[in-house]
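# Coordinate inspection notes
One-letter residues, chain by chain:
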Amino acid sequence: MRSPGRMAVTGPLNFIVRLLMRFIAYVCAAILLDGSASAAECTRLDANAAEAVLKYLDSWKNVHLAYMEFQRCDVNLGISEGFSNAIAELLEDDWLHFADLARLVRSDAAFGEFVLRHVDETIEDDDRRSITASAKNHCPLDAASLCAKLNTRISSLGPWHS
């Protein structure tokens with residue numbers, strides 16, 4: 001017995017309704033199960049949070065944490081420049097903790113690529129020379145490969161002044 005107010009769907013219409021319901025179910029499942037499209041997008045809220053975090057990038061651990069949380073926002077010019085400035089500052093002013101960077105890069109190679117990408121044209125010549133000298137003369141033994149990559153990256157940039 002049919003419940004009151006419920007209409008029976010019969011014949012070809014029944015087939016179409018069932019097909020439509022299956023299609024809707026598949027679309028909903030795909031949206032719920034595949035969050036990769038939205039996870040890869042930097043929303044305005046993400047960008048605001050990333051910009052707020054930039055001023056706290058005073059250690060390699062903090063840079064790595066920000067990278068893990070906001071790498072999708074690196075396409076934003078202001079955020080990208082903030083990462084570059086923080087990385088340059090740590091390389092030139094905090095070489096004593098370069099081993100921390102090397103440890104993080106050994107466990108997360110993509111982070112190493114991120115750091116090297118942010119060693120860029122925004123770093124002034126004097127700072128480049130200082131970083132290069134530190135990498136050549138004060139590189140930790142277990143970070144020789146990273147120091148070599150850093151020097152190669154800096155030498156590929158050309159002069160800073162325009």
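Note: the structure precedes this text.
If you're wondering where the values come from, they're calculated on a predicted model, not measured in any experiment.

## As for the packing of helix 5 (residues 77-93) against helix 8 (residues 125-137)
As a packed pair, helix 5 and helix 8 sit with axes 8 Å apart at the nearest point and diverge in direction by 55°. Classified by the angle between their axes, helix 5 and helix 8 sit oblique to one another. Note that helix 5 runs across helix 8; the crossing there is left-handed. Within the contact between the two elements, helix 5 uses Ala88, Leu91 and Glu92 and helix 8 uses Asp127, Ser130 and Ile131.

## Quick word on helix 6 (residues 98-107)
Among all positions of helix 6, only Phe98, Leu101, Ala102, Leu104 and Val105 are buried. Summarising the axial view, the buried residues of helix 6 lie within an arc of 165°, below the 170-degree limit, and thus occupy one face. Contact partners of the buried residues in helix 6: helix 4 (60-70), helix 5, helix 7 (109-117) and helix 9 (144-155).

About the thresholds
Residues numbered from 1 in each chain as written. Predicted model: local features only at pLDDT ≥ 70, side-chain atom pairs only at ≥ 80, totals over all residues. Heavy atoms only, no water. Axes fitted to C-alpha atoms, helices over the stretch in contact; angles between N-to-C directions. Helix = DSSP H or I, 4+ residues; strand = E, 2+ residues; numbered from the N terminus. Parallel < 35°, antiparallel > 145°, perpendicular 65-115°, else oblique. Left-handed = near helix turned anticlockwise from the far one by under 90°. Contact = heavy atoms within 4.5 Å. Buried < 20%, exposed > 50% of the residue type's maximum accessible area, 1.4 Å probe, protein only. Arc of directions from axis to C-beta.

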